[in-house]
Amino acid sequence: MKKILIIEDDQIVANVYRNKLAVEGYTTETASDGESGLLVMRKLKPDVIILDLMLPGISGLEVIKQIRSEPPFTKTPIIVFSNTYLANMIQEAWKAGATKCISKSNCSPKEVVEVIRQTVGDSGAMPVAGRTAPVASFAPAKNIELHTATDSAFQADLRGTFIDSLPATLTTLRGSLQSIVKADNEMIRLKEIYELYRRVHALNGNAGVAGLLQIAHMSAALEALLKEIYEKPKNINASTLRTVAAGVDFLGFLFEHGTLPETQEPPAANILVVDDEAISRRAIIYALEKAQLHSINVEAPEIALSLLQETHFDLVFLDVDMPGMTGFELCTKLRALPQHKKTPVVFVTSLNDFDNRTSSTMAGGNDFIAKPFLFIELTVKALIHVLRGKLSPPK
């Protein structure tokens, strides 16, 4: 039989893929970190390696480099689980020798099996019809068997167990966030940010295998933001911490409203960006493109007002300081338009003014982000407002 090695620190995700592959006739072993993964690899001599890039200790990138440095494994196919919001890391994985990169957020176990078949062929053994495979549950107190007679039943079991675990998951995430807020020095805060990052990383993987794409995509973006501020502490400020808190809060909303099958399609959105600075506009557009969100951008507030009178937008980003009409004034006029009375408006303001401006009523604005902003911070903001608008129950 073809042999598969899965290097994945989330035991739940690893077990799901191991059991799915076993049912398909593959011999599968798992390792929870890079160091043990390399040891298992040398013993097992797998036909293909499935590797999470976001590993504790030795990074996934370093594992790929080590695999390619050892003669028996220079051509062993390596399939990488990646976070689509970490484009630089994905590029580095390709350069290091990855064979294929697949998104952890929206690739189901069935699709992973298909990727393996395309890479190394069938297992060499007949799948066992009707076999059931035990797997650790998302909630430790509850063990289930995954009935793999059909992929739909398999996915339904995963989804149901995952949904049952969400209240406990939310409690853990909120507790971790409170620890960040209460941290009284930078070292403790960084440690707590890392803990929250690891928890959100696990949520991303679990939601992905359960087929809950909205939760997976939101947690992937939040995971990338947490990784960014952990690795570059100079980016920890009032704006980024506020965005992290908003992301955790919104995950709670998704746990309640984003688990139905009909809510899993990516939302179509129309976003307006108004900023007189070309570089700032381009930065906002790039951040939106990372989440595949469509936008229209203009530099003049007067043109923006004309567009708002003629077109429905799901979200508006407004610079505060613009010639002719400030962002506050434009927002006031926007709120007078019937179709935009409740359209989310995010003000983009300088970091120096952030604390003062967030404490005031900003002409009907809904949110704030500080310049200079991280691309992924703005991406998280946009996803929160767009998804909330699409999933909020009608009033």
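Because the structure is predicted, anything quoted here is derived from the model rather than measured.

## Thoughts on the environment of Ala 304
Here comes step 1: Relative to the assigned elements, Ala 304 resides in helix H11 (residues 301–310).
Here comes step 2: When the C-alpha positions of Ala 304 and Leu 318 are compared, they lie 9.8 Å apart, and in sequence the two are 14 residues distant.

## Considerations on the confidence of the model for the protein chain
Here comes step 1: For the protein chain, the average pLDDT comes to 88, and 89% of its residues sit at 70 or higher.
Here comes step 2: Low pLDDT, under 50, characterises residues 129–149; the predicted model gives this stretch 45 contacts beyond four residues in sequence or across chains.

## Topic: the pairing of strand S10 (residues 315–319)
Here comes step 1: Here S10 lies mainly inside the structure; 5 of its 5 residues are buried.
Here comes step 2: Residues of S10 alternate between two faces, with Leu 315, Phe 317 and Asp 319 on one and Val 316 and Leu 318 on the opposite face, all of them buried.

## Some remarks on the pattern of salt bridges
Here comes step 1: A complete count under the given rule lists 20 salt bridges for this structure.
Here comes step 2: Between Arg 117 and Asp 122 there is a salt bridge; the shortest N-O distance is 3.4 Å.
Here comes step 3: The residue Lys 390 makes a salt bridge to Asp 314 at a minimum N-O spacing of 3.5 Å. Of this pair, Lys 390 sits in helix H14 (residues 375–391) while Asp 314 sits in the loop between H11 and S10, and the two are 76 residues apart along the sequence.

## Some words on the layout of surface pockets
Here comes step 1: There is about 680 Å³ of room inside the largest pocket.
Here comes step 2: Considering the residues around the largest pocket, the lining is formed by 26 residues, among which Lys 342, Pro 344, His 385, Arg 388 and Gly 389 are closest to the centre.
Here comes step 3: Taken together, the elements giving at least two residues each to the lining of the largest pocket come down to helix H9 (238–257) and H14.
Here comes step 4: Considering every element that reaches the lining of the largest pocket, the biggest residue donor is H14, with 7 residues.
Here comes step 5: There is about 420 Å³ of room inside the second largest pocket.
Here comes step 6: Forming the walls of the second largest pocket are 15 residues, and the residues nearest its centre are Tyr 85, Leu 86, Asn 88, Glu 228 and Lys 290.
Here comes step 7: Elements with a contribution of two residues or more to the lining of the second largest pocket: helix H4 (87–96), helix H8 (213–231), helix H10 (278–290) and H14.
Here comes step 8: Partitioning the lining of the second largest pocket into residue classes produces 9 nonpolar, 1 polar and 5 charged.

## A closer look at the sheet that holds strand S5 (residues 100–103)
Here comes step 1: The parallel open sheet is built from 5 strands, whose spatial order is S2-S1-S3-S4-S5. Every interior strand has two partners, whereas the edge strands, strand S2 (27–31) and S5, have only one. Across the sheet, the mean angle from the axis of one strand to that of its neighbour is 20 degrees, orientation sign disregarded.

Here is what the cut-offs are and how they apply
Residues numbered from 1 in each chain as written. Predicted model: local features only at pLDDT ≥ 70, side-chain atom pairs only at ≥ 80, totals over all residues. Heavy atoms only, no water. Helix = DSSP H or I, 4+ residues; strand = E, 2+ residues; numbered from the N terminus. pLDDT = per-residue confidence, 0-100. Contact = heavy atoms within 4.5 Å. Buried < 20%, exposed > 50% of the residue type's maximum accessible area, 1.4 Å probe, protein only. Salt bridge = Lys/Arg side-chain N within 4 Å of Asp/Glu carboxyl O. 1 Å grid on protein atoms, 1.4 Å probe; cavity = no way out; pocket = protein on both sides within 12 Å on 5 of 7 lines; lining within 4 Å. Points joined across faces, edges and corners; volume = space filled by probe spheres on them. Nonpolar A, V, L, I, M, F, W, Y, C, P; charged D, E, K, R; others polar. Pairing = 2+ DSSP bridges. Axes fitted to C-alpha atoms, helices over the stretch in contact; angles between N-to-C directions.

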